[in-house]
Amino acid sequence: MGLDLTRPDHAYLFGFVQMDGHLGKGPGNKGRLQVELSSRDEYILRRFKSLVSVASSIHRRTRDTNFKANYH
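Here the structure is a predicted model, which means the values were calculated and not measured.

Moving on, we get to helix 1 (residues 8–20). Between its first and last C-alpha, helix 1 extends 18 Å over 13 residues, near the 18 Å set by a 1.5 Å rise per residue. Within the span of helix 1, buried status applies to Asp9, His10, Leu13 and Phe16. Taken end-on, helix 1 shows its buried residues confined to a sector of 125°, consistent with a single buried face. Those residues of helix 1 that are exposed and angled more than 90 degrees off the buried face are Pro8, Gln18 and Met19. Turning to helix 1, the residues buried within the fold contact strand 1 (21–23), strand 2 (33–35) and helix 2 (42–51).

Here's what the structure looks like:
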């Protein structure tokens, strides 16, 4: 991945995934990083995707939360 934390965009990505990301556990998920955001913030994930040189994808889902029904 080669993050250069002296670059503001890389430093932001690093801090962001520490707060809003989690690593997958178990067979087949080792090293898998997942981040869940509101669909209105998808542009952030697209920008992050352009910063890293690893295979990545963005998926959408709808679910009910404690705060809102049909949250995207």
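From this point, the narrative continues.
In a structure, side chains of opposite charge can pair up when their charged atoms sit close to one another. If you walk through the whole model with that rule in mind, you get six salt bridges. Here Arg63 makes a salt bridge to Glu36, at a shortest N to O gap of 2.9 Å. Remark: Glu36 occurs in the loop between strand 2 and helix 2 and Arg63 occurs in the segment after helix 2; sequence separation between them is 27 residues. The exposure class of Glu36 is partly exposed, given its relative accessible area of 41%.

Rules of the game
Residues numbered from 1 in each chain as written. Predicted model: local features only at pLDDT ≥ 70, side-chain atom pairs only at ≥ 80, totals over all residues. Heavy atoms only, no water. Helix = DSSP H or I, 4+ residues; strand = E, 2+ residues; numbered from the N terminus. Expected span 1.5 Å × (residues − 1). Buried < 20%, exposed > 50% of the residue type's maximum accessible area, 1.4 Å probe, protein only. Arc of directions from axis to C-beta. Contact = heavy atoms within 4.5 Å. Salt bridge = Lys/Arg side-chain N within 4 Å of Asp/Glu carboxyl O.

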